[in-house]
Amino acid sequence: MIDGLNSEQISWLRDFFAPPNELRWEHLLDGSAAPELAENIRSWLIGLTDPECVTPIVLPFVKSGEIAGWYATTRTSEGGNELAAELRGWLGPTYLSIFEIASNDPTNPNAAALYRQSGGIVWKFSGANKAIRTSISKRLSDYNLTLRLRPKQVHKATRPVGAIRGDFERALVAKDAVAAERYIVQLRETGRLNEENLRYLDVRLSAGLGLWPQIARDHWLIQTMSDLSLPPRILADIIEALYRTYLDPIEATGDAAALLAGFENEVAKRYPRLFSSRRGIQTPRVIKAFLLFERLQSRPNREIIDNLTERLDEKDGFRAFCFAPISEHKFPVDAEAEAQEAFDDLQYDRAFALYVALPLTKKIVGRIITCAKFIDTGEVRSQLMSLIEAADSSLIEALSPLLRDNLAAIVKATSRPSMDPLIFSDKRAADSAGPIVFGEPDNWMAWAEQLKLGENLPSAERVLELSVTNWTTTAFKSAEGHCHAFASIVGGLSGKASVIARRAVPQIFESFFPSDEPLDASRKPIAEMLFVVVAMGDGISSVDLDFLGQLLNILLSFGPSSAEYISILKDLEDVQDRVRSYANFSWSLDICETLAVSPVQSDAARAARLSFFHRILGQAQTFAHRLGPQDFLLMELLAKDFEVDQSSLDPLKRADDAQKVNSPEVDLDGKLIGIYTLAEAAGARAKASLEKMFPGVTIEVNSDLVATEKLRNLARSADFFVFAWKSSSHAAFYCIKDELSSGEPIWAAGKGTASIMRALLDNIK
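Basis of the calculations
- Residues numbered from 1 in each chain as written.
- Predicted model: local features only at pLDDT ≥ 70, side-chain atom pairs only at ≥ 80, totals over all residues.
- Heavy atoms only, no water.
- Helix = DSSP H or I, 4+ residues; strand = E, 2+ residues; numbered from the N terminus.
- Rg over C-alpha atoms; globule rule 2.2 N^0.38 Å.
- Buried < 20%, exposed > 50% of the residue type's maximum accessible area, 1.4 Å probe, protein only.
- Contact = heavy atoms within 4.5 Å.
- Areas by Shrake-Rupley, 256 points an atom, 1.4 Å probe, with all protein chains shown as cover.
- Lys, Arg positive; Asp, Glu negative; His and termini not counted.
- Charge placed at Lys NZ, Arg CZ, Asp CG, Glu CD.
- Axes fitted to C-alpha atoms, helices over the stretch in contact; angles between N-to-C directions.
- Parallel < 35°, antiparallel > 145°, perpendicular 65-115°, else oblique.
- Left-handed = near helix turned anticlockwise from the far one by under 90°.
- Nonpolar A, V, L, I, M, F, W, Y, C, P; charged D, E, K, R; others polar.
- Core = buried A, V, L, I, M, F, W, Y, C linked by side-chain atoms within 4.5 Å.
- Pairing = 2+ DSSP bridges.
- Phe/Tyr/Trp six-rings, centres within 6.5 Å; stacked < 30°, edge-to-face > 60°.
- Lys NZ or Arg CZ within 6 Å of the ring centre and 35° of its normal.
- Arc of directions from axis to C-beta.
- Polar contact = N/O pair within 3.5 Å; in protein donor to acceptor, adjacent residues only side chain to side chain.
- Expected span 1.5 Å × (residues − 1).
- pLDDT = per-residue confidence, 0-100.

Caption draft 1: How the structure looks around the overall build of the protein chain. The helix and strand inventory of the protein chain stands at 41 helices and eight strands. For 765 residues, the compact-globule formula gives about 27 Å, and the C-alpha radius of gyration of the protein chain, at 35 Å, lies well above that figure. Every one of the 765 residues in the protein chain was classed for burial, and the buried ones make up 50%. Pairs at least 24 apart in sequence give 70% of the contacts found in the protein chain among residues at least 6 apart. Carbon and sulfur atoms provide 51% of the accessible area of the protein chain, an area that totals close to 36000 Å². Charged side chains in the protein chain number 84 positive and 102 negative. The centres of these two groups are separated by 3 Å.

Below, the structure is given as structure tokens:
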């Protein structure tokens, strides 16, 4: 009757179409059953051969030569009640005289046969007389047709939140706002983020794109955030935004008194709750903000100030500020009362530092535990454990059950098994604490070693949330051997550990190559490792391509040897072979431009570079019909850079005449086009190409780092303004945005000439 049925399906069908059902399976096979009845049954059974089919099964029960009723069930054990609701909706009390569950009746062999198929509810229903049953049969046919016309449900697999979050951070490092917003949508669709988490993502988006004033000037956002227990990364982003926006300009003047006053007025008085705890953040501007906050206290603590100052780079000019010395107070102050005041004001860092200097009492121990639980850093946990181990055991035994539980959790996180008998003497506390596990790594090398050993990999992935803000790279500074060791470990991982390492690429890049610090040549091994990890990934996205472009610029700035240069080109060739298409052609030309303007060390390296350019020209033949005048102009410029004869472009031009169709039919005579980019060479090339393509057009390129009057005038007067936002400063962005009549510039997706021209021409066609 139906091809493709397996033996198990045929078995239960034979049992259903068997006594007391007068319609036999053999009648359906040999064609002796009524054709209309056989076709109706076939329409219900045909989905059995499709594993993705979810339509129910409704089969007739024949007695005395006519249909006496029907049995219905689902394809699986689920959905039985929904099926009943649909059948009642189609038939209702007008037609139904019987509608009941039959799968619970052990004496009903027909229901038992259907139950073997689904394992779910089997329904039995019928009408009061033959006329009604005929109407039911017709309505069931309509129901069956509706089910067959219903679109198939597409079950969209939900990606792990960690994987999406990793892609989100990678997009931010690549300064790809479109991709980052797309990943935020994916995170929303998981349904696992609450409103607070979504606000955190909005802050990360603005911070990752360098839009610091957008955060700092949103008073109500910061006011709301300051009332929450913020993750360290979000706390760092908010304080960094405030410092960059309001204090960086003052710090540049060297006026310590003005800096302290500016901090008090713009930050400390408005958002004091942000300074409850630094949460172990090592970001320089956050440390400076907490230093200034301590200076504003009625009795600034010299130990706290010295501890924070030591965390700043010795070359940081902030350490040289001539702050007025802290004067000795004439009248003694109750130290415990001072600590209690800080605790009551929710200044947990300050309270902890003051309490640990006092003789321990039950109350002080309780306060120290509460502060440590909120601060939640390895440094504070270790300090607490040292105090507790040296304390009288009676102090610990006298703690409340809640404080004992909190201390047990801190012991567990700190991995101090020697503390077990002391803390877990109370059985209830021991039960709540669970097993002791190894603590999480608190620096990059420890993290790499943990991945290498393959121990507690979930914690190694989870702790990456703290890596950028709480781990310093001081140990790697001007230490090529240390950098090489780290790169060798991370680059040589396999299995699950290598997956975690690939997801950690944006955090490693952001930590070792911060955008506002000069490049450290000793970190070249780490840049090489990151380049290979991204290039050899299973899938290369547009974000990965942008990221590879950034890493290429870094590697070339280090002056690679001939062998290193050729190795980089081989990796680029592999990537190019995997992403070759017109959609990525601008990226390919931008990479060629980067190579063309960078020096090479040998003839072999020069030959490898030329081979890469020829490879791209050859691959372009597959989409030559899409190439336009702007593409040919750029290729002609690159051909000159690579000392290639212009005739090498002829195969592309002869492919067909489609480039004439692609020519932008616009008149730019007398128009002014503004281009903003910090990559001045790319801006100059774009200017030359556009002037050749559109005689009579005026092109002005600007690379000012701050909001100058020249930049403002250009933004106001330009007919079209192209903004290469991956090569820009946030000060220039806000200047341009404020002055443009449309409010939005033309966004260039990349930093190179090809990206700038593609963005402009796509918007003026």
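Caption draft 2: Layout of unusual backbone geometry. Between P19 and P20 the backbone carries a cis peptide bond, its omega angle lying at 10°. By the element assignment, P20 lies in the loop between helix 1 (7-16) and helix 2 (25-30). Positive phi outside glycine occurs at R279, with the angle close to 55°. By the secondary structure assignment, R279 is in the loop between helix 13 (256-268) and helix 14 (284-295). With a phi angle near 55°, D376 is a residue other than glycine that sits in the positive phi range. Along the chain, the position of D376 falls in the loop between helix 18 (362-375) and helix 19 (378-390).

Caption draft 3: The packing of helix 12 (residues 232-251) against helix 13, seen in detail. Following both chains from N to C, one finds helix 12 and helix 13 inclined at 160°, their axes separated by 9 Å at the closest point. Classified by the interaxial angle, the pair formed by helix 12 and helix 13 is roughly antiparallel. Seen along the crossing, helix 12 lies across helix 13 with a hand that is right-handed. The residues of helix 13 that touch helix 12, namely those facing L242, Y243, Y246, L247, I250 and E251, are A258, L259, G262, F263, E266 and V267. Across the contact of helix 12 with helix 13, the residue classes break down as nine nonpolar, one polar and two charged.

Caption draft 4: Structural context of the nonpolar core. W447, F486, I508 and I526 are the most contacted members of the largest nonpolar core, which totals 101 residues. Excluding anything up to four places from it in sequence, F486 contacts W444, M445, W447, A448, F476, I508, F512, I526 and M529. Of all hydrophobic cores here, the second largest spans 40 residues; its members include W44, L91, L140 and L147.

Caption draft 5: Broad picture of the pairing of strand 4 (residues 123-126). Pairing of strand 2 (residues 66-73) with strand 4 involves three bridges; the strand directions are antiparallel. Note on strand 4: the bridge partner recorded for Y71 is K124.

Caption draft 6: View of the side chain of E294. One can find E294 in helix 14. Here E294 is in contact with R299, P300, N301, I304, I305 and R350, once residues within four sequence places are set aside.

Caption draft 7: Spatial organisation of the sheet that holds strand 5 (residues 672-676). Taken together, four strands build an open sheet; the order of strands is 6-5-7-8 and the sheet is parallel. Of all strands in the sheet, those bounded by a partner on one side alone are strand 6 (698-702) and strand 8 (746-747). Alignment of strand 5 against strand 6, held across five bridges, turns out to be parallel. Bridging across to strand 6, G674 finds its partner in E700.

Caption draft 8: Expanded view of the packing of aromatic side chains. Counted according to the given criterion, the structure contains 29 aromatic pairs. Ring geometry for F16 against Y71: centres 5.7 Å apart, planes inclined by 90°, an arrangement best described as edge-to-face. With a gap of 55 residues between them, F16 in helix 1 and Y71 in strand 2 connect regions that are remote in the sequence. Exposure class is identical for F16 and Y71. Each is buried. Taken together, W444, W447, W471, F476, F486 and F512 form an aromatic cluster joined through their ring pairs. Lying over the aromatic face of F374, R279 brings its terminal NZ or CZ to 5.8 Å of the ring centre.

Caption draft 9: Summary view of the environment of E389. Mapping E389 onto the fold places it in helix 19. E389 sits in the partly exposed class, given a relative accessible area of 38%. Along the chain, E389 and F513 lie 124 residues apart, while their C-alpha atoms are 40 Å from each other.

Caption draft 10: Seen up close, helix 13. All of the buried residues in helix 13 are A256, L259, L260, G262, F263, V267 and A268. Seen end-on, helix 13 carries its buried residues on one side only, within an arc spanning 165°. The N-capping residue of helix 13, defined by a side-chain oxygen 3.2 Å from the backbone nitrogen of A257, is D255.

Caption draft 11: Representation of helix 30 (residues 524-535) within the structure. In a regular helix each residue adds 1.5 Å, so twelve residues correspond to 16 Å; helix 30 covers 16 Å between its end C-alpha atoms and thus fits that length. Taken across its twelve residues, helix 30 has ten buried, putting it largely inside the fold. Here helix 30 has its buried residues at K524, P525, I526, A527, M529, L530, F531, V533, V534 and A535.

Caption draft 12: Layout of the sheet that holds strand 1 (residues 57-63). The sheet built from four strands is open, its strands ordered 1-2-4-3 with antiparallel pairing. At either margin of the open sheet sits one strand with a lone partner, and together these are strand 1 and strand 3 (98-101). With direction set aside, neighbouring strand axes in the sheet form an average angle of 25°. In the packing of helix 1 onto the sheet, the strands contacted are strand 1 and strand 2, and the crossing angle to strand 1 comes to about 35°.

Caption draft 13: Quick peek at the side chain of N301. Topologically, N301 is positioned in the loop between helix 14 and helix 15 (302-309). Here E303 takes part through its backbone nitrogen, which lies 3.0 Å from a polar atom of the side chain of N301. Residues contacting N301, with those up to four places away along its chain left out, are E294, R350 and L354.

Caption draft 14: Region of interest: the packing of helix 7 (residues 161-173) against helix 9 (residues 195-208). Here helix 7 crosses helix 9 at 30°, and the two axes come no closer than 9 Å. When the interaxial angle is binned, helix 7 and helix 9 end up roughly parallel. The handedness of the crossing between helix 7 and helix 9 comes out as right-handed. Counted together, R165, F168, E169 and L172 of helix 7 and L201, R204, L205 and G208 of helix 9 form the full contact between these two elements. Along the lines of polarity and charge, the residues of the contact of helix 7 with helix 9 split into four nonpolar, one polar and three charged.

Caption draft 15: Seen up close, the confidence of the model for the protein chain. Summary statistics for the protein chain give a mean pLDDT of 85 and a share of 90% for residues scoring 70 or more. Below a pLDDT of 50 lies the segment residues 416-438, which in the model reaches 46 contacts outside its immediate sequence neighbourhood of four places, other chains included. Here residues 654-664 scores under 50 on pLDDT; set against residues more than four positions off or in separate chains, the count is 18 contacts.

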